[in-house]
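Descriptive analysis of the structure
Each chain is listed here by its residues.
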Amino acid sequence: MSISGQELAEFANQLHGGVVRPEDEGYDDARKIWNAMIDRRPALIVRCRDAEDVTRSIAFARNHGLPLAVRGGGHNVSGNALCDDGLVIDLSPMKEVRIDTERRTAVVGGGVTWGEFDKAAQASGLATTGGVVPATGVAGLTLGGGFGFLARKHGLACDNLLGVELVTADGRLVHVSDRENPDLFWGVRGGGGNFGVATSFEFKLHPVGPILGGVAVHPFDRARDALRFYRKFVEGAPDEVTLFAALGTSPDGAPVTLLVAGYIGPAEEGERILRPLREFGPPIVDDIKRMSYVDLQGILAPSYPPGVRNYWKSGFLADLSEEAIDTLVRHFERVPSKRTAVVLEYLGGAVSRVGERDTAFGHRDARFDLIITSLWSDPAEDEVNIAWTRELWKAMEPFASGGVYVNYLGEEREEGAERVRAAYDPEKYERLVALKRKYDPQNLFRMNQNIRP
Ligand SMILES: Cc1cc2nc3c(=O)[nH]c(=O)nc-3n(C[C@H](O)[C@H](O)[C@H](O)COP(=O)(O)OP(=O)(O)OC[C@H]3O[C@@H](n4cnc5c(N)ncnc54)[C@H](O)[C@@H]3O)c2cc1C
């Protein structure tokens, strides 16, 4: 549908933020997101300053039949933060972070990143569960669940939500919490951006840090032993311990096995609990030390820079069996990109103690999560990297539980809607569909891991 210059000018004039169009300077920057594979050209990018801008943008998109995308941190690999030829509600100017140290709560705007939030909360020695790479958006991560170093102790990011301000498809600004619109509150804790645009979040905070954490590096020829050690260690570890294992490449180009640890508790106790981790091997590099929580949250950032090409595959594993370990290691020997890492995370703890029916987040009982994070720079290498990732995923499917964490899904062009269903059990998926029918029957919010009404 064509939009007249006058209509556009009237719309832009009403906004507290601004509009960026293809002919404007800065358009190419405004349509850049974290995954450089995504090259979409929206007709309008609306830099929203507040919920009113969001309401106006929704009305404008509806009235002109424009596809609609919502951008929080713009970090999702799928590129759903952008659409071609449509309107992007860009929340990145919404940077409010208000910390209430007495109540231990935080109100956080829809465009805040975890780096920004962690820094503000840690100024008062507080934090809540968030993603392990600072540039990731609070919004997208929380709406899909949100795993991080604090999750085994304090639950997922969405488990720490007290309330959300949401603009629904009909343009209403609603507050959702346990008491108000509890059906929506259930849905936004794991159901992603399907039910509205979240303009602000209220979180519970916890006293955190300083902590013990960091990386232990092992040579690749001992990768099998390191992953066996990982399996045993995490299964017996207290909730204070979060441990990631990864096959990756060291800065000098050698393949390595990495164990990335955080102990969320008194550092002296952490020294004792993490001792076996530091003695095993021993590691060729032991960089586990006392640090601030903000520093812990920064250690993986250099491995996941913006502007690099990304293709990911992920799924929960039924078990980390000997055969699964062997498959991972053998396949990694042929990894085409030195930036690529095969990551394992272990859930459990407080994540598994929230009732499966209490929130939309799927698979509370999942333990090992496999994320094949393929990263490379040269577009000429797309094919070889995508093929390698898909081959590894295929080889790992026999060990998968069938479930997946919705926030790690990519575009999933081949598998499509089936992979979104796999993020939820069938009963939960049906409940999400019913909620979608109630709040967004036209599927206005469909640039996401879509629940079809
Ligand atoms: C390098 C990297 C590290 C990661 N680490 C973690 C991690 O430690 N733990 C973890 O759980 N996940 C992690 N993730 C996955 C992450 O949770 C998702 O990519 C998440 O979607 C990012 O949120 P965003 O706001 O940046 O995303 P965006 O790309 O902006 O949006 C993602 C989706 O959410 C929707 N959305 C975004 N904001 C809003 C809003 N305000 N209202 C409604 N819908 C919205 C979008 O429309 C889109 O569909 C990581 C991803 C990357 C790339």
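Rules used in this analysis
- Residues numbered from 1 in each chain as written.
- Predicted model: local features only at pLDDT ≥ 70, side-chain atom pairs only at ≥ 80, totals over all residues.
- Heavy atoms only, no water.
- Phe/Tyr/Trp six-rings, centres within 6.5 Å; stacked < 30°, edge-to-face > 60°.
- Helix = DSSP H or I, 4+ residues; strand = E, 2+ residues; numbered from the N terminus.
- Buried < 20%, exposed > 50% of the residue type's maximum accessible area, 1.4 Å probe, protein only.
- Domains from an automatic or database assignment.
- Contact = heavy atoms within 4.5 Å.
- Salt bridge = Lys/Arg side-chain N within 4 Å of Asp/Glu carboxyl O.
- Polar contact = N/O pair within 3.5 Å; in protein donor to acceptor, adjacent residues only side chain to side chain.
- Nonpolar A, V, L, I, M, F, W, Y, C, P; charged D, E, K, R; others polar.
- Arc of directions from axis to C-beta.
- Near = heavy atom within 4 Å.

Some points on the packing of aromatic side chains
- Counted according to the given criterion, the structure contains 19 aromatic pairs.
- With centroids separated by 5.5 Å and ring planes inclined at 20 degrees, the aromatic side chains of Phe229 and Phe233 adopt a geometry described as stacked. Remark: Phe233 and Phe229 occur in helix H8 (residues 223–236); sequence separation between them is four residues, near one turn of the helix. This pair shows no difference in class: Phe229 is buried, exactly as Phe233 is.
- Aromatic pair Tyr424 and Tyr429: ring centres 6.4 Å apart, planes at 40 degrees, arrangement tilted.

With respect to the domain arrangement of the protein
- Domain boundaries assigned for the protein yield domain 1 (5–90) and domain 2 (97–208 + 434–439).
- Between the C-alpha centres of domain 1 and domain 2 there is a distance of 22 Å.
- With ten residues of domain 1 at the contact, the number on the domain 2 side is 15 residues.
- Counting across the domain 1 and domain 2 interface gives zero salt bridges.
- Across the domain 1-domain 2 interface, the total number found is two residue pairs in polar contact (both at pLDDT 80 or more).
- With five residues, helix H3 (residues 51–63) is the single largest residue contributor to the side of domain 1 that touches domain 2.
- For the side of domain 1 that touches domain 2, the residue count by class is five nonpolar, four polar and one charged.

Some thoughts on helix H4 (residues 114–122)
- Among the residues making up H4, those that are buried are Trp114, Phe117, Asp118, Ala121 and Gln122. Summarising the axial view, the buried residues of H4 lie within an arc of 120 degrees, below the 170-degree limit, and thus occupy one face.
- Close packing links the buried residues of H4 with strand S5 (97–100), strand S6 (105–109), strand S7 (126–127), helix H5 (138–144), strand S10 (197–204) and helix H11 (293–298).

Digging into the environment of Pro336
- Its place among the elements puts Pro336 in the loop between helix H12 (322–332) and strand S17 (341–346).
- By relative accessible area, Pro336 is classed as partly exposed at 34%.
- C-alpha separation for the pair Pro336 and Ile386, spaced 50 residues apart in sequence, amounts to 9.8 Å.
- Each residue touching Pro336, except ones within four places of it in the same chain, is listed here: Val384, Asn385 and Trp388.

Structural notes on the site of the ligand
- Neighbouring the ligand are 34 residues; Gly72, Gly74, Asn76, Phe147 and Tyr405 lie closest to it.
- Contact between the ligand and Gly137: an oxygen atom at 2.9 Å from a main-chain N or O atom of the residue.
- Contact between the ligand and Tyr405: an oxygen atom at 2.6 Å from a side-chain N or O atom of the residue.
- For the shell around the ligand, the secondary-structure elements that each account for two or more residues are strand S3 (68–71), H5 and S10.

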